[in-house]
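Here is how the chains run, residue by residue.
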Amino acid sequence: MGLSVKPTSALRQLAANLRRAPQVIRRDVAARLRAEVKQLIDRGFVTKMDPYGSRWKPPQDGGRTMQKTGRLRRGFSVEAKADGSGIQMHILNKQDYAQWLQEGTAKMEARRMVPDGPLPFAWQALIERSFKYAVQAWLMRSRSRGGGGA
């Protein structure tokens, strides 16, 4: 005795949504990262610490560390977009001197504002959380649309 199942419109819709799921999820992750990475950078200015947990060295002139005008802090932009297999993210700062503060010079110790090596735990956790939330959101949309997900 054999069982034959004919594809229904709901089954075809589910299959189509499952094929689109990776792109939809990556797009949602990219949107979340654009907002939340800026918050991680901002937290560094509040705590005066680099992403790895080291304190920024105070300036020699005795002023407020990394906050003379606020342009550096406001100058960050985060570009994140879904690509074929993951997320491409670029963190930029429109202030020319941001590079010298990030990398340091022969006369000045670096004051990292973004990771420049292995990702610190907080950044890894943010990425994992972003994927988790995006998958959960996709599943909720799938349920509410009867397999809709997209």
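Attention shifts here to the overall build of the protein. Secondary structure summary: the protein contains four helices and two strands in total. N-terminal to C-terminal, the α/β element order of the protein is α-α-β-β-α-α. Over its C-alpha trace the protein gives a radius of gyration of 22 Å, far above what one expects of a compact globule, namely 15 Å for 150 residues. Along the first, second and third principal axes, the C-alpha atoms of the protein reach 85 × 25 × 25 Å. Residues classed as buried in the protein amount to 33% of the 150 residues present. Partitioning the intrachain contacts of the protein with sequence separation of at least 6 by distance along the chain shows that 59% fall at a separation of at least 24. Accessible area of the protein: about 10100 Å², with a carbon and sulfur share of 55%. Charge centroids of the protein, computed over 28 positive and 12 negative side chains, lie 9 Å from each other.

The next thing to look at is the pairing of strand 2 (residues 87-93). As paired elements, strand 1 (residues 76-82) and strand 2 share seven bridges and run antiparallel to each other. Residue pairing across strands places A80 opposite M89, the latter belonging to strand 2. Where strand 1 folds back onto strand 2 in an antiparallel hairpin, the turn is made up of four residues.

Pairing of side chains with opposite charge becomes possible as their charged atoms draw close. One pass over the full model with this rule turns up four salt bridges. When the shortest N-O distance is used, the salt bridge between R32 and E36 registers 3.1 Å. Here the residue R32 and the residue E36 both occupy positions in helix 1 (residues 9-47), the gap between them amounting to four residues, near one helical turn. Linking D116 and R112 is a salt bridge whose minimum nitrogen-to-oxygen distance equals 2.7 Å.

Turning next to the packing of helix 1 against helix 4 (residues 121-144). The geometry of helix 1 relative to helix 4 is characterised by a closest axis approach of 8 Å and an angle of 140 degrees between their N-to-C directions. Looking at the two axes, helix 1 sits oblique to helix 4. Helix-helix and strand crossings are classified by hand; for helix 1 and helix 4 the assignment is right-handed. Residues that form the contact of helix 1 with helix 4 fall into these classes: 18 nonpolar, two polar and five charged.

This part covers a positive patch on the surface. Judged by side-chain charge, K38, R71, R74 and K94 come together as a positively charged surface patch. Relative to the elements of secondary structure, R74 occurs in helix 2 (residues 71-74). Using a relative accessible area of 54% as the deciding quantity, one classes R74 as exposed.

Below, the discussion takes up the environment of G44. Checked against the element boundaries, G44 lands in helix 1. Using a relative accessible area of 8% as the deciding quantity, one classes G44 as buried. With 11 residues separating them along the chain, G44 and R55 place their C-alpha atoms 9.2 Å apart. Setting aside residues no more than four positions away along its own chain, G44 makes contact with M49 and W56.

Reading guide: rules and limits
- Residues numbered from 1 in each chain as written.
- Predicted model: local features only at pLDDT ≥ 70, side-chain atom pairs only at ≥ 80, totals over all residues.
- Heavy atoms only, no water.
- Helix = DSSP H or I, 4+ residues; strand = E, 2+ residues; numbered from the N terminus.
- Rg over C-alpha atoms; globule rule 2.2 N^0.38 Å.
- Buried < 20%, exposed > 50% of the residue type's maximum accessible area, 1.4 Å probe, protein only.
- Contact = heavy atoms within 4.5 Å.
- Areas by Shrake-Rupley, 256 points an atom, 1.4 Å probe, with all protein chains shown as cover.
- Lys, Arg positive; Asp, Glu negative; His and termini not counted.
- Charge placed at Lys NZ, Arg CZ, Asp CG, Glu CD.
- Pairing = 2+ DSSP bridges.
- Salt bridge = Lys/Arg side-chain N within 4 Å of Asp/Glu carboxyl O.
- Axes fitted to C-alpha atoms, helices over the stretch in contact; angles between N-to-C directions.
- Parallel < 35°, antiparallel > 145°, perpendicular 65-115°, else oblique.
- Left-handed = near helix turned anticlockwise from the far one by under 90°.
- Nonpolar A, V, L, I, M, F, W, Y, C, P; charged D, E, K, R; others polar.
- Patch = residues over 30% accessible without salt bridge, like charges linked within 9 Å, V, L, I, M, F, W, Y side chains within 5 Å.

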